[in-house]
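Topology and contacts: notes
Residues per chain, in single letters:
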Amino acid sequence: MTIGKNIRTYHDGKWHDGDVPVMRAADHGSWLGTTVFDGARMFGGLAPDLDKHCARTNRSAAALMLTPTVTTEDMVAIVREGLAGFGPDAAVYIRPMYWGIDGDPTAIVPSATETGFAICLEEVPMAPPEAATTLTRTRFCRPVLESSVVNAKAGCLYPNNARMLVEARQKGFGNALAADALGNVAETATSNIFTVRDGVVFTPVPNGTFLAGITRARHIANLRADGVEVVETVMSFDDVRAADEVFLSGNMSKVTPVTAFDDRQYQIGPVTRRVREMYWDWAASAG
């Protein structure tokens, strides 16, 4: 499935133009769901935190009992080689991925002897600064480690997210705000969440039910360096309703303002705008 245009694919040791086939029907990942991926971004010639996204790809593979076959350093080098095929103003979604090929005698457990690897680069525009979304509750919750591989960015987790999004869209909202198994706020169907109240920024404390994102960590570091208090804590849905500002953090758009949570309305406030400004400033300074 393509989400953008102008695609380049790395597979079998070389770059190919276009969306080339990389998996076979009998691959473990095709029929038993052992797939992991990560997502980084290039914009303005910059690929911020690319090394961290590549490193997490390898950690995700290991969490899904796959054997990583490409070092972080080599993965970064391969990605940069592929990005050279795009124009200087291109915005590119960078997606390294692994999948299982063989299984053990039961077929259920992926074999450690061979792992599929590919990188897909897709030209996808960055969202404009004022591109906001709205949130609603969802009846679906985030899973726990005892039932799902929530410590990996695994493809098998995303059907649950898709249910959340479909439910939210059927209710007329752009995204769903999900709870963890205890009923506390976890994240949305696509992104980590931040709230602002009286100048203090709050975000759910990582509790093993959701990936605490790389971009999320970058925002926290930038805010604290700017003198803003950031509190990672257990959050209720009433905490979200009581906020002055709400914004989402994810790799695809980096910062997404929220203008409504059910019947609660928000303005795009100064902290949200500052977070976006600081991220772009940091990315430029980091090269």
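Predicted model, so just to flag it, every value in this text is computed and none were measured.

What counts and how
- Residues numbered from 1 in each chain as written.
- Predicted model: local features only at pLDDT ≥ 70, side-chain atom pairs only at ≥ 80, totals over all residues.
- Heavy atoms only, no water.
- Disulfide = S-S within 2.5 Å.
- Buried < 20%, exposed > 50% of the residue type's maximum accessible area, 1.4 Å probe, protein only.
- Helix = DSSP H or I, 4+ residues; strand = E, 2+ residues; numbered from the N terminus.
- Contact = heavy atoms within 4.5 Å.
- Salt bridge = Lys/Arg side-chain N within 4 Å of Asp/Glu carboxyl O.

Topic: the state of the cysteines
Counting across every chain of the model gives 0 disulfides. As a non-bridged cysteine, C54 has C120 as the owner of its nearest cysteine sulfur, 14 Å distant. The class for C54 is buried, based on a relative accessible area of 0%. Its relative accessible area of 6% is what places C120 among the buried residues.

Some thoughts on the environment of G82
In this fold, G82 is placed in helix α3 (residues 72–83). Judged by its relative accessible area of 0%, G82 is buried. Setting aside chain neighbours within four positions, we find G82 in contact with R8, W15 and L121.

Examining the pattern of salt bridges
Counting across every chain of the model gives 12 salt bridges. Between R95 and E122 there is a salt bridge whose closest N-O contact spans 2.9 Å. Remark: E122 occurs in strand β6 (residues 115–123) and R95 occurs in strand β5 (residues 92–100); sequence separation between them is 27 residues. Taking relative accessible area as the criterion, R95 reaches 15% and is therefore assigned buried. The shortest N-O distance in the salt bridge between R241 and D238 comes to 2.9 Å. With R241 and D238 both in helix α6 (residues 237–241), this residue pair falls 3 residues apart, about one helical turn. Linked by salt bridges that have partners in common, D226, R274 and E277 make up one network.

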